[in-house]
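One-letter residues, chain by chain:
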Amino acid sequence: MAAAVAAAPGALGSLHAGGARLVAACSAWLCPGLRLPGSLAGRRAGPAIWAQGWVPAAGGPAPKRGYSSEMKTEDELRVRHLEEENRGIVVLGINRAYGKNSLSKNLIKMLSKAVDALKSDKKVRTIIIRSEVPGIFCAGADLKERAKMSSSEVGPFVSKIRAVINDIANLPVPTIAAIDGLALGGGLELALACDIRVAASSAKMGLVETKLAIIPGGGGTQRLPRAIGMSLAKELIFSARVLDGKEAKAVGLISHVLEQNQEGDAAYRKALDLAREFLPQTIPTKDRLEGLLAFKEKRPPRYKGE
């Protein structure tokens, strides 16, 4: 495993030479026994299909219908600071439907900017990373975009993905990944960087890079063994196996699994419940001081979410 980790940057850099083949392969490993939401045999899962039947999550804005490649790039990541009883919770909503929430240059740039702002914001108490696209959390790196990169661009871009994922892992507040759909490759590595992962039973998760003759390059070879143990992590990486939510819960990859609801946001709702539970526990806050004072005075604490 150590040798594989050391070889990661070079192995990933070889993507450029066979870009077109990898794009085709990427589609191939999504197919056996795994159909993307709204897709039909022989039919392209176009932008309009992703938007069909999507109902906004509780407390969140309605996603735009009729996604297209003309969507403004600033809409690919929606940063929401919740209010009232949810004050202190920040939701990072990935919203790149036409690319299945794959990690593009622009999305990585936006994630980096958002994380930089959040890590120094003293009002932030918990961060939830979710998708605002039905049936998808994140399908990994944008291989179509990468196929167009020069060989000199690939290495720095892969390094930037790894750096952003590491920054998420090092955030000073609790982070929760709400997996309501597909989380493959870099998408699962993004979730692994979070402190807690919750998923719908219908979600699909896996580090599938070995099917493309490469290895995970965003920290998955380190974080997956920490989550589920070295032997099982090697088995899943070597086989590129994809797990559903119940299987992921059984091996310890996620903390909670829920049956998907009609709105398609069961994992997000559970993540929101957990975040609310965390709010009065984080430090340093006024609520921490109130808790200590209440203990000293032998009375119930009067928390204000501050």
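Residues numbered from 1 in each chain as written. Predicted model: local features only at pLDDT ≥ 70, side-chain atom pairs only at ≥ 80, totals over all residues. Heavy atoms only, no water.

Visitor: Let's hear about the overall build of the chain: which residues, and what values?
Guide: Scanning the chain from terminus to terminus reveals 13 helices and 10 strands. Among the 306 residues that make up the chain, the fraction classed as buried is 50%. Considering only intrachain contacts with a sequence separation of at least 6, the fraction spanning at least 24 residues in the chain is 67%. Entry remark: accessible area of the chain is about 14400 Å², with carbon and sulfur atoms responsible for 55%. (Helix = DSSP H or I, 4+ residues; strand = E, 2+ residues; numbered from the N terminus. Buried < 20%, exposed > 50% of the residue type's maximum accessible area, 1.4 Å probe, protein only. Contact = heavy atoms within 4.5 Å. Areas by Shrake-Rupley, 256 points an atom, 1.4 Å probe, with all protein chains shown as cover.)

Visitor: Run through the side chain of asparagine 95, naming residues and quoting values.
Guide: With respect to the element layout, asparagine 95 can be found in the loop between β2 (89-94) and α5 (105-118). The buried category is assigned to asparagine 95, whose relative accessible area is 0%. Of the polar contacts made by the side chain of asparagine 95, one reaches the backbone oxygen of aspartate 75; its length is 3.2 Å. (Polar contact = N/O pair within 3.5 Å; in protein donor to acceptor, adjacent residues only side chain to side chain.)

Visitor: Describe in detail unusual backbone geometry, supporting the description with residues and values.
Guide: With phi around 55 degrees, lysine 100 is a residue other than glycine that occupies positive phi space. With respect to the helices and strands, lysine 100 occurs in the loop between β2 and α5. A positive phi angle, near 55 degrees, is found at alanine 240, a position not held by glycine. With a relative accessible area of 3%, alanine 240 lands in the buried category.

Visitor: Please provide a residue-by-residue account of the nonpolar core, values included.
Guide: Counting residues in hydrophobic clusters, the biggest one holds 49 residues, and the most contacted among them are Phe137, Ile168, Ile179, Met205, Leu224 and Leu253. Excluding anything up to four places from it in sequence, isoleucine 179 contacts Phe137, Ala191, Arg197, Val198, Ala199, Ala200, Ala203, Met205 and Ala267. (Core = buried A, V, L, I, M, F, W, Y, C linked by side-chain atoms within 4.5 Å.)

Visitor: How would you summarise the confidence of the model for the chain if you had to cite specific residues and measurements?
Guide: Looking at the chain as a whole, its pLDDT mean stands at 81, while 74% of the residues score no less than 70. Counting contacts from residues 1-71, a segment whose pLDDT is below 50, to residues more than four positions away or on other chains yields 116 contacts. (pLDDT = per-residue confidence, 0-100.)

Visitor: Summarise helix α9 (residues 220-228); cite the residues concerned and give the values.
Guide: Every buried residue of α9 is accounted for by Gly220, Thr221, Arg223, Leu224, Pro225 and Ile228. Remark: glycine 229 follows α9 within two positions and exhibits a positive phi of approximately 100 degrees.

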